[in-house]
Amino acid sequence: MSSEDNLLPLIAEPEELAGVLDHEDILVIDVPLKAESYAEGHVPGAIFLDHRRLLKGSGDVPNDVPDEEALSQLFSSLGLTRDTHVVAYDDEGGGWAGRLLWTLELIGHKRYSYLNGGIHAWRDEGLPQSTEDHAPKPSDYQAEVLNPEVAIDRLELEERLGSDNFAIWDARSVDEFDGNKGQNQHLGHLPGAVNMEWTDAMDRERSLRLRDYAELITELGAMGITPDMEVVTHCQTHHRSGFTWLVGKALGFERMRAYPGSWKEWGNRDDTPIEH
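A brief report on the enclosed structure follows. Owing to the predicted nature of the structure, the values given are computational and were not obtained by experimental measurement.

The subject of this paragraph is the packing of helix α4 (residues 95–106) against helix α9 (residues 240–250). At a closest axis distance of 6 Å, the pairing of α4 and α9 adopts a crossing angle of 65°. As for how α4 packs across α9, the hand of that crossing is left-handed. Contact residues: α4 offers G95, G98, R99, L101, W102 and E105, while α9 offers G242, F243, W245, L246 and K249.

Structure (structure tokens):
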């Protein structure tokens, strides 16, 4: 199977996934914010993934990317192979699912999709659900960071501030962006960043699916973010920005990156420039 033979588009509708659920190369992964969501009902055959396993979990930046050994263990435990087409979803409109797909992009695993709207859309379409745990078949997946440009670290980001054709999309709330709310040593936002809260890219009338692409491109363009630019997105822990990274990919932004350290790193240092 080549990368052109993907079984589903990047953004897959519930009916599209339902049509290929039995394919041997499809692996559906549920990455819910609340674990009980999986128990209440999930896509038949979906594997539960604790979203904390997508984070480093220790050190100065616990929300950073796990090392290659940890990623190899994670994806082996989920049963991935190079032929696996991963379909990720969650119970909140795409944050943790987006973080998982961004991680796959980082290690060069190109066969993946997002279930548009997640479990909400699946349920609203009246499609079958399961309440039984589905155990993966472990594999031997060797993860390597093959696409390091998908991520950006604090030092490079600071160097790039103010660069031409470079934009920063802050996916946090307006109050966090303006410095009125937060649990960090310093509040505010990155110099030159623009703010579209992650949920503003969701269609609340359509089970949290992505909003109309043309509308999103127009709104982002009005903020100074266009598809030809190099765009870095972040939030507090690169959870909400997992979704906005995915939105950029869906809209055709070819240089879509994410800052995994996010405000949890930037806002807790004394040497990082901050605007209010």
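Now that the structure is up, let's keep going.
On inspection of all chains with the given rule, the structure shows 17 salt bridges. One salt bridge connects R209 with E125, and the closest N-O pair in it is separated by 3.3 Å. With R209 in strand β9 (residues 209–210) and E125 in the loop between α5 (118–124) and α6 (154–160), this residue pair connects regions lying 84 residues apart in the sequence. By relative accessible area, which is 37% here, E125 ends up partly exposed. A salt bridge links R255 to E230, with the shortest nitrogen-to-oxygen separation between them at 4.0 Å. With R255 in strand β11 (residues 255–258) and E230 in strand β10 (residues 230–234), this residue pair connects regions lying 25 residues apart in the sequence. Of the residues examined, R255 reaches a relative accessible area of 38% and is grouped as partly exposed. Here E230 falls in the buried class, since its relative accessible area comes to 9%. A network of salt bridges, in which partner residues are shared, links E156, R160, E230, R255 and R257.

About the thresholds
- Residue numbers run consecutively from 1 along every chain, following the written order of its sequence.
- The predicted origin of the model limits local features to residues at a pLDDT of at least 70 and limits the giving and counting of side-chain atom pairs to 80 or more, whereas totals for whole chains, interfaces and linings rest on all residues.
- Side-chain numbers here rest on the full set of heavy atoms in the structure, without hydrogens or water.
- Fitted lines through C-alpha atoms give the axes, limited to the stretch in contact for helices. The angle between two N-to-C directions lies from 0 to 180 degrees.
- Strands are runs of DSSP state E lasting at least 2 residues, helices are runs of H or I lasting at least 4, and numbering of each runs from the N terminus.
- We call a crossing left-handed when the near helix sits turned anticlockwise from the far one by less than a right angle, and right-handed when that turn is clockwise.
- Any two residues having at least one pair of non-hydrogen atoms within 4.5 Å are treated as being in contact.
- Should a side-chain nitrogen of Lys or Arg be within 4 Å of a carboxyl oxygen of Asp or Glu, the pair is scored as a salt bridge.
- Summary of the burial criterion: residues with accessible area below 20% of their type's maximum are buried, those above 50% are exposed, and those between are partly exposed, where the area comes from a 1.4 Å probe applied to protein chains only.

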